[in-house]
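Residue-level structural notes
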2 protein chains.
Amino acid sequence: MNVLIVYAHPEPQSLNGSLLKFAVKRLENAGHNAQVSDLYAMRWKATLDADDSTLDRPADQRFDPALDSKRAFEQGLQRPDIAREQDKLRWADMVILQFPLWWFSMPAILKGWVERVYAYGFAYGVGEHSDARWGDRYGEGAMAGKRAMLIVTTGGWESHYSARGINGPIDDVLFPIQHGVLYYPGFDVLPPVVIYRTSRIDAEHYTTLCDTLGQRLDNLGNTAPIAFRPQNAGDYLIPELTLRPDITPALSGFGAHRK
Amino acid sequence: MNVLIVYAHPEPQSLNGSLLKFAVKRLENAGHNAQVSDLYAMRWKATLDADDSTLDRPADQRFDPALDSKRAFEQGLQRPDIAREQDKLRWADMVILQFPLWWFSMPAILKGWVERVYAYGFAYGVGEHSDARWGDRYGEGAMAGKRAMLIVTTGGWESHYSARGINGPIDDVLFPIQHGVLYYPGFDVLPPVVIYRTSRIDAEHYTTLCDTLGQRLDNLGNTAPIAFRPQNAGDYLIPELTLRPDITPALSGFGAHRK
């Protein structure tokens with residue numbers, strides 16, 4: 001498989017840095033092609049703005065983040081750094097986002113990767129949009145047939161992210177990313193690798209972590225993805241995009257969107 | 001009141017830009033002091049990195065995002081842009097974060113504001129940390145006594161963000177921000193102002209929106225905050241930080257952390 005790791009940590013000599021090196025080696029030893037977008041090393045431009053294209057916009061025309069993205073993507077006028085990342089996504093069979101959980105989400109530099117690389121017409125605004133069909137998304141789209149997975153580290157304890165933990169359940173904390181960023185453009189999303197309490201990892205614990213991560217990497221092709229519900233397979237009313245009344249009527253919230 | 005609006009939209013001639021101007025005028029007409037951190041106009045540095053302080057780090061010492069932040073904050077060696085925003089937070093009685101919802105979270109530039117301004121010792125790592133007490137956070141901390149509120153715009157429909165909507169309930173989508181970014185350092189968080197379906201707002205609808213927003217702004221001081229559960233008032237086991245078994249035993253997930 002072609003595996004793209006999009007990696008967001010500022011310090012190579014960190015736990016994340018060590019895990020990245022371990023992962024690349026493990027993947028290559030198993031015969032995969034691994035490519036890394038090391039966003040800090042690339043000095044990735046995090047902020048989406050009007051400089052993201054060379055569109056010839058009249059001085060009196062306002063910058064529209066979505067429509068400018070659409071036109072720049074269609075006309076081949078995106079900044080080269082954006083187009084390069086889109087090419088990597090086309091190349092990849094498997095995409096891994098690796099990052100430390102900062103304030104219950106991905107670091108800004110990675111969020112900016114999503115915002116800028118996920119162009120209108122590439123990762124959203126794909127397919128028929130009408131009152132009968134709401135685009136190719138949530139299980140369909142440009143990334144359909146590809147797989148994705150998160151590798152996330154956090155200082156908090158596993159119990160803090162448990163069903164009744166104060167930070168909220170990790171599945172729910174990650175839902176806007178796993179469902180909203182990865183499943184949305186069509187990825188099949190594998191269960192995440194989450195590493196807790198990062199300040200207390202000794203050599204022995206690190207070995208165990210690598211064993212666990214290694215096994216997950218060995219099984220990227222045959223791990224069952226999270227069973228999110230596809231938008232266009234009958235479970236949702238369109239255009240309301242609410243679950244049909246007969247689908248798990250007692251459930252609401254993020255969990256209702258998993259089968 | 002002193003009101004700080006942290007604002008993240010790249011185009012002044014946008015719906016967000018118009019709402020910002022409306023809000024500032026409304027607040028000033030009511031006698032409040034309003035200050036805006038217009039992150040795009042300020043060309044805010046979104047990426048947290050080793051350049052965020054002038055700490056004298058030996059060449060062989062690795063950059064630790066949390067510990068470097070702590071030392072830089074204690075020693076007054078933070079970059080001036082960070083210190084200025086912290087001063088604005090100290091000045092404010094009320095903080096409003098205004099942004100378009102991009103990929104189910106805040107824009108990268110605003111996420112980077114949180115990551116960089118929320119220094120260790122300022123917004124986290126405050127108070128006693130032991131197995132008996134887990135710091136001053138979630139209802140306590142440096143922002144205790146201040147209020148906060150989100151103003152969020154989104155292209156999606158309200159039904160898409162309803163209890164059984166495909167994007168997840170808006171309260172849950174915003175939980176990592178309202179609970180994780182605002183309540184964590186001590187803010188009382190008012191219910192958000194959410195504006196849906198932004199591409200279909202005509203003049204009449206805009207007038208209605210301004211009426212609604214205006215009323216919310218007129219009542220910042222007397223609107224009841226979201227009843228999140230404080231960490232250190234007995235509802236949670238420490239250090240597990242899970243809800244005590246006798247607190248709403250049937251509930252789990254984000255909703256369990258509201259009274």
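Every chain is numbered independently, its residues counted from 1 as its sequence is written. Going through the entries in the order they are written, you letter the chains from A and number the ligands from 1. Thresholds applied to this predicted model are a pLDDT of at least 70 for local features of residues and 80 or more for the giving and counting of side-chain atom pairs; totals over whole chains, interfaces and linings are not thresholded and use all residues.

Helix and strand counts for chain A come out as seven helices and six strands. Put simply, DSSP H or I for four residues or longer makes a helix, DSSP E for two residues or longer makes a strand, and each gets a number counted from the N terminus. Secondary structure elements in chain A, listed N-terminal to C-terminal, are β-α-β-α-α-β-α-β-α-α-β-β-α. Expected size for 259 residues packed as a compact globule is a radius of gyration near 18 Å; at 19 Å, chain A falls within 12% of this value. Its C-alpha atoms give chain A principal-axis dimensions of about 60 × 50 × 35 Å. Relative to its 259 residues, chain A shows a buried fraction of 46%. Summarising the internal contacts of chain A: among those between residues at least 6 apart in sequence, 75% fall at separations of at least 24. With the radius of gyration taken over C-alpha atoms, the globule rule is written as 2.2 Å times the number of residues to the power 0.38. With C-beta atoms placed from the backbone, a residue is labelled by how many other C-beta atoms lie within 10 Å of its own: buried for 20 or more, exposed for 12 or fewer, partly exposed between the two. Residues are treated as contacting if the C-beta atoms built from their backbones sit within 7 Å of each other.

Residue and element names in this part refer to chain B. One can describe the packing of helix α3 (residues 80–91) onto helix α4 (residues 108–117) by two numbers: an axis separation of 9 Å at closest approach and a directional angle of 90°. Taken together, the axis directions place α3 and α4 in an arrangement best described as roughly perpendicular. Contacts between α3 and α4 involve Ile82, Glu85 and Gln86 from the first element and Trp113, Arg116 and Val117 from the second. Here an axis means a line fitted to C-alpha atoms, over the contact stretch when the element is a helix, while the angle between two N-to-C directions is reported on a 0 to 180 degree scale. Any angle that falls under 35 degrees is termed roughly parallel, while one over 145 is termed roughly antiparallel, one within 65 to 115 roughly perpendicular, and all others oblique.

Across the boundary between the two partners, chain B contributes 52 residues, which contact 52 residues of chain A. Those elements that place two or more of their residues in the side of chain B that touches chain A are α4, α5 (170–173) and α6 (175–183) of chain B. Examining the composition of the side of chain B that touches chain A, we find that six residues originate from one element, α4(B), more than from any other. The residue classification treats Ala, Val, Leu, Ile, Met, Phe, Trp, Tyr, Cys and Pro as nonpolar and Asp, Glu, Lys and Arg as charged. All others, Gly included, are polar. When grouped by side-chain class, the residues that make up the side of chain B that touches chain A number 27 nonpolar, 17 polar and eight charged.

Contact geometry of helix α4 (residues 108–117) of chain A with α4(B) gives a least axis separation of 8 Å together with a crossing angle of 175°. The orientation of α4(A) relative to α4(B) falls into the category roughly antiparallel. From α4(A), Ala108(A), Lys111(A), Gly112(A) and Glu115(A) reach across to α4(B), where they touch Ala108(B), Lys111(B), Gly112(B) and Glu115(B). A breakdown of the residues in the contact of α4(A) with α4(B) according to their chemical character gives two nonpolar, two polar and four charged.

Turning our attention to the confidence of the model for chain A. What pLDDT reports is the predictor's confidence in each residue, on a scale of 0 through 100. Residue-level pLDDT values for chain A average 96, and 100% of them are 70 or greater. Scoring the predicted complex yields pTM 0.98 and, for the interface, ipTM 0.97.

Residues and elements named next belong to chain A. By secondary structure assignment, the location of alanine 224 is in the segment after α7 (203–218). On the basis of neighbour counts, which here come to 9 C-beta atoms within 10 Å, the residue alanine 224 falls in the exposed class. In this structure the C-alpha to C-alpha distance between alanine 224 and aspartate 188, which are 36 residues apart in sequence, comes to 8.9 Å.

Moving on, we get to unusual backbone geometry. All names here are of chain A. For the bond from isoleucine 238 to proline 239, the omega torsion is 10°, close enough to zero to count as cis. The residue proline 239 is located in the segment after α7 in this model. Its identity is not glycine, yet arginine 43 carries a phi of approximately 50°, on the positive side. You can see arginine 43 is positioned in the loop between β2 (33–38) and α2 (65–75). Classification of arginine 43 as exposed rests on a count of 11 C-beta atoms within 10 Å. Backbone geometry at tryptophan 103 places phi at a positive 50°, although glycine is not the residue there. Locating tryptophan 103 in the fold gives a position in the loop between β3 (94–100) and α4. Taking the C-beta count within 10 Å as the criterion, tryptophan 103 has 19 such neighbours and is therefore assigned partly exposed.

Least squares is used to superpose the copies, and the fit set is the C-alpha atoms of residues whose pLDDT is at least 70 in both copies. Rotating chain B by 180° and moving it 0.0 Å along the rotation axis overlays it on chain A with an RMSD of 0.0 Å. Taken together, the rotation angle and the small translation identify this as a two-fold axis. Closest to the rotation axis within chain B is the C-alpha of Ala108(B), separated from it by 2.3 Å.

Below, the discussion takes up the pairing of strand β4 (residues 147–153) of chain A. All names here are of chain A. In terms of burial, β4 is a largely internal element, seven of the seven residues being buried. With burial as the criterion, each face of β4 is covered, one bearing Arg147, Met149, Ile151 and Thr153 and the other bearing Ala148, Leu150 and Val152. The handedness rule is simple: strands pointing away from the viewer, and a clockwise path from the first strand over the helix to the second, make the crossover right-handed. On the question of chirality, the crossover connecting β3 to the parallel β4 by way of α4 is right-handed. If DSSP finds at least two bridges between two strands, the strands pair. Note that β4 and strand β5 (residues 188–189) share two bridges and pair parallel. By the bridge assignment for β5, alanine 148 is matched with valine 189. Note: β4 against strand β6 (residues 193–195), three bridges, orientation parallel. Across the sheet, residue threonine 153 finds its bridge partner in β6, namely isoleucine 195.

Here, a nonpolar core means buried Ala, Val, Leu, Ile, Met, Phe, Trp, Tyr and Cys residues linked by C-beta atoms lying within 7 Å of one another. Of all hydrophobic cores here, the largest spans 148 residues; its most connected members are Val95(A), Leu110(A), Val95(B) and Leu110(B). In contact with Val95(A), not counting residues within four places along its chain, are Leu4(A), Val6(A), Leu89(A), Lys146(A), Ala148(A) and Phe187(A).

Right, let's get into α4(A). Where burial is concerned, most of α4(A) is hidden: ten out of the ten residues are buried. Among the residues of α4(A), Ala108(A), Ile109(A), Leu110(A), Lys111(A), Gly112(A), Trp113(A), Val114(A), Glu115(A), Arg116(A) and Val117(A) are the ones counted as buried. Packed against the buried residues of α4(A) are β1 (2–7), α3 (80–91), β3 and α6 (175–183) of chain A together with α4 of chain B.

All names here are of chain B. Buried residues dominate strand β3 (residues 94–100), accounting for seven of its seven residues. Alternating residues of β3 divide into Met94, Ile96, Gln98 and Pro100 and Val95, Leu97 and Phe99, and every residue in both groups is buried. Here strand β1 (residues 2–7) pairs with β3 via five bridges, running parallel. In the strand pairing of β3, valine 6 is matched with leucine 97. For β3 and strand β4 (residues 147–153), the ladder comprises seven bridges, and the chain directions are parallel. Bridge pairing in β4 links valine 95 to alanine 148.

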